[in-house]
Each structure stands twice: as structure tokens, then as C-alpha cells.
Amino acid sequence: MKRALITGINGQDGSYLAELLLTLGYEVHGIVRREAIEDASHRLVNILHLIDKLKLHVGAVDNHLSIYKIVANVRPDECYHLAASSFVSYTFDDEASVLSNNFTATHALLASVKELSPHCRVYFAGSSEMFGNARFSPQNESTPFNPRSVYGISKLAAFHLARNYREHHKLFVAAGILYNHESPRRGYQFVTRKISTTVAKIHLGLADRLELGNIDALRDWGYAPDYVVAMHAMLQQEKPEDYVIATGVLHSVRDFLSEAFSVVGLDYEAYIHTNLDHFRPGEVVSLCGDSSKARHTLGWQPTKSFKQMVKEMVLTDIEHLERNQ
Ligand code: F7E
């Protein structure tokens, strides 16, 4: 039986990946914070349904000793490094913790794996934010990086570190360069979940307005359960490489709004209020990914359309709210 270790197991991607690996017969270990274990019904909500099947370890991913001990204890065959400060807007307020969480944690993990479990295959979660103000569109694995946010810079630094461990220390480290990916388990601060949950509240009479920033911003939005399939596939290849994972289709926030409100038969224009606080300095305007390499090499492809995904998010939020009323 293969053993996998997931950092960020209680996040959107971590929870879907844990489900996938359990289905494939893996022994699945995850790292969570002490506060999360103690408040499991809130902080581990994405993995509560799996908790009896998982082996959870308390630790802090940016604390080298903590990671070292967990890797020594688990001796994983595959390690998926998903834990990160991932909300781009927060990075404007607290650059230091984003740099530390995203870079130091990657270093702690790679260095520990190299010392203790050098056969272990590592997945590093890169981001389209590393392309930033890209000179070409769509972007692929050869497009030059030009990050515009501290988040993008932190991910790019960690990505270079991962490459360095691959090239100089001969670790099997594969990196996904993932574009936005959403689901009913997306954090509430991200625009898609903010919209789906507010539409659900409006539908149930619990809210009457939605404040947003730039609704003409464009994103390449995919479906998170599809993206974890790609992560796993990257670690099953003969050689470790980097892969862009994206749909290749751009939609605006406005498109998302229109689809989401139409699920409950409403017109979004009646509910939207612009809040300048949600506009971003140096916004990356339209990143669109070319995932031909993943499609050819990994046999990967998206399974759900934008419309189907938006519908699933809104209907799931309605169901959650109805259950908790
Ligand atoms: O923003 C616009 C906002 O916060 C999407 C992360 O997973 O993907 C994600 O980063 C767009 C932006 O995601 C609001 O300006 C308008 O253009 O959902 P988001 P993100 O910043 O694209 C990348 C690939 C990652 O790697 C990140 O970790 O929506 N927008 N009004 C708004 N966004 C938010 N959050 N809130 C608004 O009110």
C-alpha cells in the first residue's frame, strides 16, 4: 500500500485529493494545525466525512522541526505540498507571512524529504499568478514568468527551489502551474464562493445585496476535483516535470454572476454594488492557460463545464444554508 502525505489536507484541493487517494487504496496522512483539530467541526469541515480513514498529524508547515518529525514518522512514498497562504488580496496586508508560509514551508518539506525519504515523489502547487503580467497568451510551460503580486513572487521562489531540488538533488519533484479552480469547498473569501453563497442567501431571503470589486476581471476557471486528478497523474510519470493545468477558456466575474443568479431565476444587476475596497492594485487582468502538455502526456482533461460548476456551487450552498437554518 502506498503512503501519501498531504499538507493543506483540510483545504479545498487537499480534501478532494484525500478522497481520490483513498479511492485508489493509499494510506493517507495529512498535516493540520492544533487549533483545527480542536475545532474540527468548523476548521476541518472539508474532511469531516473522511476523518476516520485519515491519519492526521498536528504540525506547522513553516516550522522545519515540525515537518522533519512528521516526514520521519510517516516516511511517505508521495507527498503533496498544498498548504499555502493562497488568497492574493491578503498578501497586500501581510507580505511577510505570505513569503514565510509559501517559501519557508516548501523549503522545510523538500529538505526533510531529501534527508529522510529521498525516494518520495513530491508535488509542488505552483500558480498561474507566477505568470503575472504575462507577455503571451495563452501561457504554457515555456512562457516567461512575470509575477505581479507578493503571492505570485512567493510561489515562483518556491517553484525555483523545487526545480533546484529536482535538478541538483535528484528528487522527484513535479510542479503543477494551476489556474483558478473552484468548487463547493472553495474558501468564502474567493470571488466564486462569495458569489455562490450570497446568491443562496438572497434566494432564501437572508441577504439582499452583493458587494464586489472589478466584475470585468477575467479568469480561467476550472473545477477543483479535476485538478487533483492531474496532481496525482504528475507523480505517476517516469520523469518529474512541470505542467500547466487550465481549461483554456476565459470568463469574467460578470459571467459568473450572470450564471449564478440565473440558477435561482434572478437578474444579477439588481443586487450588485461596487465596493472600491475590493479592487486590486496591479491586478493580473487575463491569464489563460494552455494545458496541451498535460492533455497529451497525462491524458488529463476537464470534465465539467463552467455552467455546470456554477450551478453545483449555488445549489450546494442553498442546501447547506437550508440544513443549518
Ligand atoms: O479573485 C475579482 C478579483 O480572489 C478572482 C487563488 O486560488 O487563483 C486564485 O486567485 C477575481 C480577481 O482569486 C471581488 O479582482 C472582484 O480578478 O477569487 P479570487 P485569484 O486572486 O484569481 C490563483 C490562480 C491562485 O493561485 C490563488 O491562490 O475576482 N474580484 N470582486 C473579486 N475577488 C474577490 N476575492 N472578492 C471580490 O469581492
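Note that the structure is a prediction, hence the values are computed from the model and not measured.

Q: What's the story with the pattern of salt bridges in this structure? I'm lost.
A: Applying the stated criterion across every chain yields a total of 15 salt bridges. One salt bridge connects Asp62 with Arg33, and the closest N-O pair in it is separated by 4.0 Å. In this pair, Asp62 sits in the loop between β3 (55-58) and α4 (64-74) while Arg33 sits in the loop between β2 (27-32) and α2 (34-38), placing the two residues 29 residues apart along the sequence. Given a relative accessible area of 26%, Asp62 falls into the partly exposed group. Classification of Arg33 as partly exposed rests on a relative accessible area of 39%. Residues Arg209 and Glu211 are paired through a salt bridge, measuring 2.9 Å at the closest nitrogen-oxygen approach. By relative accessible area, which is 38% here, Arg209 ends up partly exposed. Looking at Glu211, the relative accessible area reads 29%, which means it is partly exposed. Salt bridges sharing common partners tie together Arg163, Arg166 and Asp242.

Q: For this particular structure, what's the right way to read helix α7 (residues 191-203)?
A: An α-helical segment advances 3.6 residues per turn. Residues three or four places apart therefore align on the same side. Its 13 residues place the ends of α7 18 Å apart at the C-alpha level, agreeing with the 18 Å of an ideal helix rising 1.5 Å per residue. Residues of α7 that are buried: Thr192, Arg193, Ile195, Ser196, Thr197, Thr198, Val199, Ala200 and Ile202. Where α7 is buried, its residues meet β7 (181-182), β8 (210-212), α9 (253-263) and α11 (306-324). Where α7 ends, the next residue or the one after it, Gly205, has phi of about 75°, a positive value.

Q: Would you mind going over the packing of α7 against α11 with me for this structure?
A: For any two helices packed against each other, one specifies the crossing angle of their axes together with the interaxial distance. Relative orientation of the contacting elements α7 and α11 amounts to 55°, with a least axis distance of 8 Å. With respect to their mutual orientation, α7 and α11 come out oblique. For the pair α7 and α11, the crossing hand works out as right-handed. Packed against α7, whose contacting residues are Thr192, Arg193, Ser196, Thr197, Val199, Ala200, Lys201 and His203, the element α11 presents Met313, Val314, Asp317, Ile318, His320 and Leu321 at the interface. Grouping the constituent residues of the contact of α7 with α11 by class yields six nonpolar, five polar and three charged.

Q: Honestly, the environment of Tyr188 in this entry has me stumped. Any pointers?
A: Within the secondary structure layout, Tyr188 lies in the loop between β7 and α7. Counting along the chain gives ten residues from Tyr188 to Thr198, while the straight-line C-alpha distance between them is 9.9 Å. Ignoring any residue separated from it by four or fewer positions in sequence, one finds Tyr188 in contact with Arg193, Lys194 and Thr197. Here the side chain of Tyr188 touches Arg193 through a polar contact of 3.1 Å, side chain to side chain.

Q: Help me understand the site of the ligand in this model?
A: Taken together, the neighbourhood of the ligand is formed by 23 residues, with Ser86, Ser127, Arg219, Arg280 and Glu283 sitting nearest. Within the side chain of Ser127, a nitrogen or oxygen atom sits 2.6 Å from an oxygen atom of the ligand. The contact in question runs from an oxygen atom of the ligand to an N or O atom on the side chain of Asn180, over 2.8 Å. Against a free-state accessible area of 700 Å², the protein chains account for coverage of 96% of the ligand. Looking at the shell around the ligand, the elements that each hand over two or more residues are α7 and β8. Counted by class, the shell around the ligand contains nine nonpolar, eight polar and six charged residues. Taken domain by domain, the makeup of the shell around the ligand includes at least three residues from each of domain 1 (3-182 + 221-245) and domain 2 (191-219 + 249-324).

What counts as what
Residues numbered from 1 in each chain as written. Predicted model: local features only at pLDDT ≥ 70, side-chain atom pairs only at ≥ 80, totals over all residues. Heavy atoms only, no water. Salt bridge = Lys/Arg side-chain N within 4 Å of Asp/Glu carboxyl O. Helix = DSSP H or I, 4+ residues; strand = E, 2+ residues; numbered from the N terminus. Buried < 20%, exposed > 50% of the residue type's maximum accessible area, 1.4 Å probe, protein only. Expected span 1.5 Å × (residues − 1). Contact = heavy atoms within 4.5 Å. Axes fitted to C-alpha atoms, helices over the stretch in contact; angles between N-to-C directions. Parallel < 35°, antiparallel > 145°, perpendicular 65-115°, else oblique. Left-handed = near helix turned anticlockwise from the far one by under 90°. Nonpolar A, V, L, I, M, F, W, Y, C, P; charged D, E, K, R; others polar. Polar contact = N/O pair within 3.5 Å; in protein donor to acceptor, adjacent residues only side chain to side chain. Near = heavy atom within 4 Å. Areas by Shrake-Rupley, 256 points an atom, 1.4 Å probe, with all protein chains shown as cover. Domains from an automatic or database assignment.

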